[in-house]
Amino acid sequence: MRKTVFDGEDELYKLAKVNDSLPEGQKLELLLRITTNDEKSVCSFSNKFGCPVSQGPELLEVAKKLGLDVVGVSFHVGSGCGDPAAYSTAFDHASRLFQAADQLGMKKMTLIDIGGGFPGDNEGTYRAGMPTFLDIAATVRNAIADFRMKFTADRELRFIAEPGRYFVSRSTTIATKIYGRKGGKGKTQALYIDDGVYGSFNNVVYDHYHPVPIKLTSALESHDDEASDAQMPTAVFGPTCDGLDQICKQHETMLERAEIGDWLIFKNMGAYTHTASFVFNGYTHIPKKVHCISTVGYDEDSSLSADEDANTRL
């Protein structure tokens, strides 16, 4: 893989040393990573990665002096994008840097990496009211069309993305067993399950995810409001001794009364979950995977659908 990114002058000097050691035909192809307006995104990256577009021309000039091949621009508007217009702004900034490279007499840039973090479900992934994948895709298509009008005449453009979250988010539904509880006879309940934030639910801490528990019986049965149990504020905790090991907060979560031995399922758990788990306080997390194919005709809003494979941890 010859392509890599840079966002500062020091990186360019390091990359130049690497590049000098490579044979012809294997030289590096660089993308200049720029910051974005990601303040409305759930997980932002511009506080750590990228350079402001105003600093881009100076870095391009350094890259030219060092004989480095800058082939394009990279950006990431953050995971859980709260404002699709951030893509339009990022494309505009990228076009300014394409023009700056042309003015410096550099080889014409042709590549834009639009990053990732795309929602993998139809609910905004992170919380209600967030833009869906279709919302984001419409904005990106329009931005690409505008970009092509500026540069296609004198170069062949490529646009790439990092769609890992989009592909895998819905691929996995996690099933957990309740081994402890308190309350439930009153107005609230607390449930303790066999997985937590040091295991598959580390996305609560590191990815700002809000898992939604569903009692397995509720998912399997038809949704009849008259027949269903009344819901109550519910806290859900993991199995460790750490108070941080909380999956669902009581004031944010409503669930029917549950009992020890009941199962809770959590959908959209395919991205940044058990792959990022680690050992904590003697707990090892090596999940036993059971691949389930649903044969029940669930409706579209239930956690599993008849035509959907669920990779379930039991």
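Residues numbered from 1 in each chain as written. Predicted model: local features only at pLDDT ≥ 70, side-chain atom pairs only at ≥ 80, totals over all residues. Heavy atoms only, no water.

J.: Tell me about a negative patch on the surface, and name the residues and values.
T.: A cluster of acidic side chains, namely Glu 9, Asp 10, Glu 58 and Glu 61, defines a negative patch on the protein surface. Only helix H1 (9–20) and helix H2 (56–65) provide two or more residues apiece to the negative patch. Secondary-structure assignment places Glu 9 in helix H1. Given the relative accessible area of 39%, Glu 9 is considered partly exposed. (Patch = residues over 30% accessible without salt bridge, like charges linked within 9 Å, V, L, I, M, F, W, Y side chains within 5 Å. Areas by Shrake-Rupley, 256 points an atom, 1.4 Å probe, with all protein chains shown as cover. Salt bridge = Lys/Arg side-chain N within 4 Å of Asp/Glu carboxyl O. Lys, Arg positive; Asp, Glu negative; His and termini not counted. Charge placed at Lys NZ, Arg CZ, Asp CG, Glu CD. Helix = DSSP H or I, 4+ residues; strand = E, 2+ residues; numbered from the N terminus. Buried < 20%, exposed > 50% of the residue type's maximum accessible area, 1.4 Å probe, protein only.)

J.: Explain H1 to me, and be specific about the residues and the numbers.
T.: Structurally, the α-helix is built with 3.6 residues per turn, so residues lying three or four positions apart point the same way. Between its first and last C-alpha, H1 extends 17 Å over 12 residues, near the 16 Å set by a 1.5 Å rise per residue. In this fold, the buried residues of H1 make contact with strand S1 (3–6), strand S2 (29–33) and H2. (Expected span 1.5 Å × (residues − 1). Contact = heavy atoms within 4.5 Å.)

J.: Got a sec to walk through the nonpolar core? Specific residues and values, please.
T.: In terms of nonpolar packing, the biggest core is built from 41 residues, with Phe 75 and Phe 91 touching the most fellow members. Where this core is concerned, the elements lending two or more residues are H1, S2, H2, strand S3 (69–74), helix H3 (85–103), strand S4 (111–116) and helix H4 (133–151). No other element matches the 9 residues that H3 contributes to this core. If we ignore the near neighbours within four places in the chain, the residues touching Phe 91 are Phe 75, Ile 112, Ile 114, Val 140, Ala 143, Ile 144, Phe 147 and Phe 159. In terms of nonpolar packing, the next biggest core, distinct from the first, is built from 17 residues, Ile 193, Phe 201, Leu 255 and Ala 258 among them. (Core = buried A, V, L, I, M, F, W, Y, C linked by side-chain atoms within 4.5 Å.)

J.: Explain the packing of H1 against H2 residue by residue, including any values.
T.: Relative to each other, H1 and H2 sit at 20°, their axes nearing to 10 Å. The angle between the axes of H1 and H2 places the two elements in the roughly parallel class. The interaxial crossing formed by H1 with H2 has right-handed handedness. Between H1, through Glu 9, Leu 12 and Tyr 13, and H2, the contact on the second element is made entirely by Leu 59, Val 62 and Ala 63. Broken down by class, the residue content of the contact of H1 with H2 amounts to 5 nonpolar, no polar and 1 charged. (Axes fitted to C-alpha atoms, helices over the stretch in contact; angles between N-to-C directions. Parallel < 35°, antiparallel > 145°, perpendicular 65-115°, else oblique. Left-handed = near helix turned anticlockwise from the far one by under 90°. Nonpolar A, V, L, I, M, F, W, Y, C, P; charged D, E, K, R; others polar.)

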